[in-house]
Amino acid sequence: MTATLTFRMPDVGEGLVEAEILAWHVAVGDTVTDGQPVCEVETAKAAVELPIPYDGTVAEILSPPGTTVAVGAPIITVRPAGTGPGVSPDAASAPSGDTGPAPGDGAVLVGYGPRASSAPVRRRRKATAAATGPAGTAPLAPPVADAGVPARAKPPVRMLAKKLGVDLSAVPASGPHGVVTREDVLAAAPETAPEPAPTPAPRPVPVRDGAHETRIPVRGVRRATAKAMVASAFTAPHVTEFIEVDVSRTMKLVRRLRKSGELGETPVGPLLFVAAAYLAAVRRHPGINASWDEEHQEIVLRHQVNLGIAAATARGLIVPNIKDAGRLTLAELADALGSLVHTARAGRAAPGDLAGGTTTITNIGVYGVDGGTPLLNPGEAAILAVGAIRTRPWVHEGRVVPREVVTLSLSFDHRLVDGELGSQVLAGTAAALEHPRRLLWWR
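Since the structure is predicted, the reported quantities are computational estimates derived from the model, not experimental observations. (Residues numbered from 1 in each chain as written. Predicted model: local features only at pLDDT ≥ 70, side-chain atom pairs only at ≥ 80, totals over all residues. Heavy atoms only, no water.)

Novice: So what about the overall build of the protein? Which residues, and what values?
Specialist: In terms of regular secondary structure, the protein is built from 10 helices and 24 strands. Counting every position in the protein, which comprises 443 residues, the buried fraction comes to 43%. Considering only contacts within the protein whose residues lie at least 6 apart along the sequence, 64% involve residues at least 24 apart. Working note: accessible area of the protein is about 22900 Å², and carbon and sulfur atoms make up 56% of it. (Helix = DSSP H or I, 4+ residues; strand = E, 2+ residues; numbered from the N terminus. Buried < 20%, exposed > 50% of the residue type's maximum accessible area, 1.4 Å probe, protein only. Contact = heavy atoms within 4.5 Å. Areas by Shrake-Rupley, 256 points an atom, 1.4 Å probe, with all protein chains shown as cover.)

Novice: Please provide a residue-by-residue account of the nonpolar core, values included.
Specialist: With 52 residues, the main nonpolar core has Tyr 278, Leu 333, Ile 361, Leu 408 and Leu 410 as its most contacted residues. Of all elements in the fold, only α5 (248-260), α6 (270-284), β17 (307-309), α7 (330-345), β22 (382-386), β24 (399-413) and α9 (419-434) reach the threshold of two or more residues within this core. For this core, the element with the most residues is α6, which contributes 12 residues. Once residues within four sequence positions are removed from consideration, Ile 361 is found in contact with Leu 271, Val 274, Ala 275, Tyr 278, Leu 307, Gly 308, Ile 309, Ala 310, Leu 384 and Val 386. (Core = buried A, V, L, I, M, F, W, Y, C linked by side-chain atoms within 4.5 Å.)

Novice: Give me the lowdown on the sheet that holds strand β5 (residues 47-51), citing residues and values where you can.
Specialist: Strand order in the open sheet formed by four strands is β5-β4-β2-β7, and the pairing between neighbours is antiparallel. Of all strands in the sheet, those bounded by a partner on one side alone are β5 and β7 (68-70). Ignoring strand direction, the axes of neighbouring strands in this sheet form an average angle of 40°. With three bridges connecting them, strand β2 (residues 18-24) and β7 associate as antiparallel partners. Considered in β7, the bridge of Ala 19 is made with Val 69. (Pairing = 2+ DSSP bridges. Axes fitted to C-alpha atoms, helices over the stretch in contact; angles between N-to-C directions.)

Novice: Hey, could you go over the packing of α6 against α9 for me, with residue numbers and the actual values?
Specialist: When two helices pack together, their arrangement is given by the angle between the helix axes and the distance between those axes. Following both chains from N to C, one finds α6 and α9 inclined at 135°, their axes separated by 8 Å at the closest point. Classed by the angle they form, the pair α6 and α9 counts as oblique. Considering how the two elements wind past one another, α6 and α9 form a crossing that is right-handed. Residues Phe 273, Val 274, Ala 277, Tyr 278 and Ala 281 of α6 lie in contact with α9, whose contacting residues are Val 425, Gly 428, Thr 429, Ala 432 and Leu 433. (Parallel < 35°, antiparallel > 145°, perpendicular 65-115°, else oblique. Left-handed = near helix turned anticlockwise from the far one by under 90°.)

Novice: A description of the pattern of salt bridges should follow, citing residues and the corresponding values.
Specialist: Here the structure, examined in full by the defined rule, presents nine salt bridges. Here Glu 244 makes a salt bridge to Arg 392, at a shortest N to O gap of 3.0 Å. You can see Glu 244 sitting in strand β14 (residues 238-246) and its partner Arg 392 sitting in strand β23 (residues 390-396), a full 148 residues away along the chain. On the basis of relative accessible area, Glu 244 is assigned to the partly exposed category, the value being 42%. (Salt bridge = Lys/Arg side-chain N within 4 Å of Asp/Glu carboxyl O.)

Novice: Tell me what's going on with the side chain of Arg 8, and back it up with residues and numbers.
Specialist: Checked against the element boundaries, Arg 8 lands in strand β1 (residues 5-8). Relative accessible area serves as the criterion here: at 7%, Arg 8 is assigned to the buried category. A distance of 3.0 Å separates a polar side-chain atom of Arg 8 from the backbone oxygen of Gly 72. (Polar contact = N/O pair within 3.5 Å; in protein donor to acceptor, adjacent residues only side chain to side chain.)

Novice: Explain the environment of Pro 267 to me, and be specific about the residues and the numbers.
Specialist: Tracing the sequence through the fold places Pro 267 in the loop between α5 and α6. As for Pro 267 and Ala 334, which are separated by 67 residues in sequence, their C-alpha atoms are 7.3 Å apart.

Novice: Residue-level account of α6, with values.
Specialist: In a regular helix each residue adds 1.5 Å, so 15 residues correspond to 21 Å; α6 covers 21 Å between its end C-alpha atoms and thus fits that length. Across the 15 residues that make up α6, a large majority, 12, are buried. (Expected span 1.5 Å × (residues − 1).)

Novice: Could you give me a rundown of the side chain of Ser 63, with the residues and numbers involved?
Specialist: As for its position among the elements, Ser 63 is in the loop between β6 (56-61) and β7. Judged by relative accessible area, which is 6%, Ser 63 ranks as buried. A polar contact of 3.5 Å, which involves the side chain of Ser 63, links it to the backbone oxygen of Pro 74. Once you skip the residues sitting within four places of it in the chain, Ser 63 turns out to touch Ile 21, Trp 24, Val 69, Pro 74 and Ile 75.

Novice: Go over the pairing of strand β21 (residues 359-363), please, and point to the residues and values.
Specialist: Across the five residues of β21, four count as buried, placing the element largely inside the fold. Alignment of β17 against β21, held across three bridges, turns out to be parallel. Paired with Ile 309 across the bridge in β21 is Ile 361. For β21 and β22, the ladder comprises four bridges, and the chain directions are parallel. Each bridged residue has a counterpart across the sheet, and for Thr 362 the counterpart in β22 is Ala 385.

Novice: Talk me through the confidence of the model for the protein; I want residue IDs and the actual numbers.
Specialist: Here the protein averages 79 in pLDDT, and 76% of its residues register 70 or above. Model confidence for the protein, summarised as mean pLDDT per element, is weakest for helix α1 (residues 129-132) at 42 and strongest for β22 at 97. Taken as a whole, residues 86-97 scores under 50 in pLDDT and shows 21 contacts with residues more than four places along the chain or in a different chain. (pLDDT = per-residue confidence, 0-100.)

Novice: Would you mind going over the pairing of strand β15 (residues 290-293) in detail, with residue names and values included?
Specialist: Pairing analysis gives four bridges linking β15 to strand β16 (residues 298-301), with the strands arranged antiparallel. By the bridge assignment, Trp 292 is partnered in β16 with Ile 299. Where β15 hands over to β16, the hairpin turn is made up of four residues, of which Gln 297 adopts a positive phi near 55°.

Novice: Residue-level account of helix α4 (residues 220-233), with values.
Specialist: An ideal rise of 1.5 Å per residue puts 20 Å on 14 residues; α4 measures up with 20 Å between its terminal C-alpha atoms. Those residues of α4 that sit buried are Gly 220, Val 221, Thr 225 and Ser 232. Each buried residue of α4 lies within a common arc of 115° when the element is viewed along its axis, so the set occupies one face. Of the surrounding secondary structure, the elements contacted by the buried residues of α4 are β4 (37-42), β14 and β19 (316-318). (Arc of directions from axis to C-beta.)

So, in C-alpha cells, the structure goes:
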C-alpha cells in the first residue's frame, strides 16, 4: 500500500474562497521539500506562490493550470519521504491522509492547518522544565517546531523564509497557536541573507480571437476590481469636490530633500507630501476615516488610518495600504511608500497588504491627467485623487507669476460625510501642501 498526503487549496490569510492555478513548478515524480513553492495561484487580491508543508515525492497533480479551485479542494498528492509502493502507511515517517479539511466542512486552511475546532488537531508539545521554570523566573520562550513536524506558517511567510534561506523548523514562533510570523522570519534571517529573487512576469491571459473582436476572460484581480467598483458606484452616493493648489513651496522642498539625501536612499517625490498632508487633514477631521455598516445601520469610526495607495499592475488595479500610517514620521512614511509601491508593481503584494484599508490616495497625475472623480473603495468613506503638477500663471503676492499648481479631487460617501466635513478635509490637505511647514505642528 502507498501512503499519500493530499494538499488542499489553503486560505492564504484573508478569508478568500477560491483561487486560480496559474502554473505548477513541479511535476509527477519530482521530489519536494518542506517550504518549497510548488505552484503559483491568483486570488481576487494578488498572485502568490504556495509552499508545500512537508517532504516527499509528487504522486499526482489534481488541478491543472487555468483551473479555479475552491479553498479546501485537493490540488496535489505527495508520497511522504520514505514511503513507496508496498510500504505500509504506518511505516512512513510522516502521517498519511489529507492536509487540511475536506471541502464544505467549514474549516479554513490558514497556515496549512485546520482551525482549533477542526479535527484532527496536532497535539501540543509537552513543556519542558527549562521552558516553564518556577514562578518568578523569565517568561516562556516562544515555541519552536518539533523536529520532523512542519512549522505552521502562512504561504507568504513560507515563501519569505525560502528566499532568505531560513529554516522554519528552527524559528521561534510568536504568533497565536504556534504560528511563525513574518517578523519571526526576518528576526531569524542572517545579516547576509540573499536578496529575494525577482517575481516572474505573469503568464499571458488566454484570449479568444474572432474576425472583429477579441474576448479576454475576466479573472482574479480584474474580476474582483470590477465587482468592487460596481458595488461602490451603486451603493455609496458619491460626491466629488475639487481644489487647485499652489504647491511651489512643497516642490522646492522635494527638490532640496532629493539633493541633500536627508532621507537616505529613499525616493522622495510629491506623493510623499500629499500623503503627509492628507494624513494631517484626516487627523484633524477623523470623522472621514470611517465606514458605513448597512446591516446594523451604524457609522464605524476607525481609530487608525490604514492609507491605501492605488497601484496599476500587470494583473490590474490593486490598493495595498500602509498600516497605521498616521503614526509614522516623514522618513518612516517615505520608506513605507517606497516599499509598498515597489512590492505592488513587482506583483509581490500579499493579501494582508491589500486588506483593511480605511482611506485611499490615487495618483492620476503620473499619466498627465489633471483631475477626475475617483470611485470609493468599498468600505471606505473617502478617496483623494492627485492630478499632474503643472507650471501655470498664478497670482502670488499680488503679481501674476509662474507657479507649480496641482488639482486635488476628493470623492466621499455622502451617507456619512457631509459637505462641510469633506470640504474641511480637502481644504486642510491643500493648505498643508501650499505651506508644508504646517505639517510640523499639525502632527
